[in-house]
Amino acid sequence: MEGGVRLRAGASKQDVRQKVWDYLEASGLAAFPRPVHRRIPNFKGSHQACCSIKELDAFNRASEIKVDPDKPLEGVRLAALQARKTLLVPTPRLRAGLFNRIVPPPGATKEILRICATSQGIKEYSVPVGLDGKARVDLVVIGSVAVSEEGWRIGKGEGYADMEYAMMVSMGAVQADTPVITIVHDCQVVDIAEDLLDDHDLTVDYILTPTRTIKTNCKRPKPQGIIWHKAMSYEMLGKIPILKSLRYKEKQTGKDVTLQDERSALVNANPPAALNEKVMAGNTGPQAAVDSAQLGQRCVENDSLSHRLEGSGVITTVYVGNIPPGVRVSELKCALREFQATPLQLNWQGAQHRAFLDYKDKATAERAVSSLKGLSLRGNTLLVELAKNQRNKG
């Protein structure tokens, strides 16, 4: 193995990560932030490896570049800004959307550009780009814990780089031939068994180290979008609000967006329940979208009646704003049902691009706000928050 990292036969992904992290620390190659365990590791010589990207035609031809926010990739972010390229950086853990576009101030000095390339600069000099943004990424640069000369890559185990790429596919921001580059130390280039890779794992086309530029000629297809039943769960949707909007958007186009949890429930369900779930998942045509909206409307109205009979308490109202022109109340109702945020009552004010949702108590309303965070309809991300004025039930 390169650089002294020794892997046993049959090593798992986690075995590979542990060996690389341990070796970087033990050999004195690890750099801030330390320890490198559970991170995309920074290493001595990372800036030198990053600078070699300027020798690649793929970099020089690119006008818009997506670079992960990891510390060892700081040199690539700086190179992109110095070359006056559009720089996109994923938001931390995708909590606030998909990308930040780094926008240096007019007449930025070299020192300001250097700050823009850091995590602090990303916060200060960026504007958000959502799922419906018009990004066209020419080059993708990601961090790795380990990578093979064939282009097989292992990240830190949370799947964000794979997910970000799949989301870029869904929004049309990358194409099948968009190059993917990773920056690592030579010791991170190891033999990786291809059978460790899953369908949703991202591969790389170039590996840059402090001493080498490796063209992998990788023929394994890159992910063609999110494989919902393999990679996504209700827990992930809760952590990453933008995934809810993507799932809703893809369901409307007829894609199977069954989650891991739902797939397991289908397997264990009684036949009638399983059949109903399969029928819902199988509705793919335009009529299915209409039926879904109508079903959502009936569901909201029926639930409204049943909840209204529940008794006393404090009605809590949720404000929904930034509703785009042309959206009908049935579309919002369908989305509310999909996101499990059905209200007692819906006050629709489409002409003012807003609606008010009544819930039986504050806890239910707050859960609805959390569930609907990041929801997008027809390209607009909705503003969802507790209404300023609340009232008691009569």
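Just so it is clear, the structure is predicted and the values come from calculations on it, not from any experiment.

S.K.: Help me out: how do you make sense of the confidence of the model for the chain in this one?
M.R.: Low pLDDT means the predicted atomic positions in that stretch should not be read closely. Overall, the prediction assigns the chain a mean pLDDT of 82, with 83% of residues at 70 or greater. Across residues 271-312 the pLDDT falls below 50, and counting only partners more than four positions away or on other chains, this stretch makes 36 contacts in the model.

S.K.: How should the sheet that holds strand β8 (residues 180-183) be read in this particular structure?
M.R.: Two orientations exist for strands paired in a sheet by backbone hydrogen bonds: parallel and antiparallel. An order of β4-β3-β2-β1-β5-β8-β9-β10 is seen for the eight strands of this open sheet, with the pairing classed as mixed. Two strands lie at the open edges of the sheet, namely β4 (126-129) and β10 (213-215), each paired on one side alone. Neighbour-to-neighbour, the strand axes of the sheet open up by a mean angle of 25 degrees, direction not taken into account. Where strand β1 (residues 64-67) meets strand β5 (residues 139-143), three bridges bridge the pair, whose relative direction is parallel.

S.K.: How should the packing of aromatic side chains be read in this particular structure?
M.R.: Geometrically, a pair of aromatic rings is defined through the distance of the ring centres and the angle of the planes. Tallied over the entire structure, the rule returns two aromatic pairs. On the numbers, 5.9 Å between centres and 55 degrees between planes, the contact of Tyr248 with Phe339 is tilted. Here Phe339 lies in the loop between α14 (329-338) and β12 (345-349) and Tyr248 lies in helix α10 (residues 241-252), a separation of 91 residues in the sequence. Exposure class is identical for Tyr248 and Phe339. Each is buried. Plain terms: the ring middles of Tyr319 and Phe356 are 5.6 Å apart, the flat faces sit at 55 degrees to each other, and that makes the pair tilted. Residue Tyr319 is found in strand β11 (residues 316-321), and its partner Phe356 is found in strand β13 (residues 354-359); the two are separated by 37 residues along the sequence. Note on Tyr319: relative accessible area 22%, which makes it partly exposed.

Basis of the calculations
Residues numbered from 1 in each chain as written. Predicted model: local features only at pLDDT ≥ 70, side-chain atom pairs only at ≥ 80, totals over all residues. Heavy atoms only, no water. pLDDT = per-residue confidence, 0-100. Contact = heavy atoms within 4.5 Å. Pairing = 2+ DSSP bridges. Helix = DSSP H or I, 4+ residues; strand = E, 2+ residues; numbered from the N terminus. Axes fitted to C-alpha atoms, helices over the stretch in contact; angles between N-to-C directions. Phe/Tyr/Trp six-rings, centres within 6.5 Å; stacked < 30°, edge-to-face > 60°. Buried < 20%, exposed > 50% of the residue type's maximum accessible area, 1.4 Å probe, protein only.

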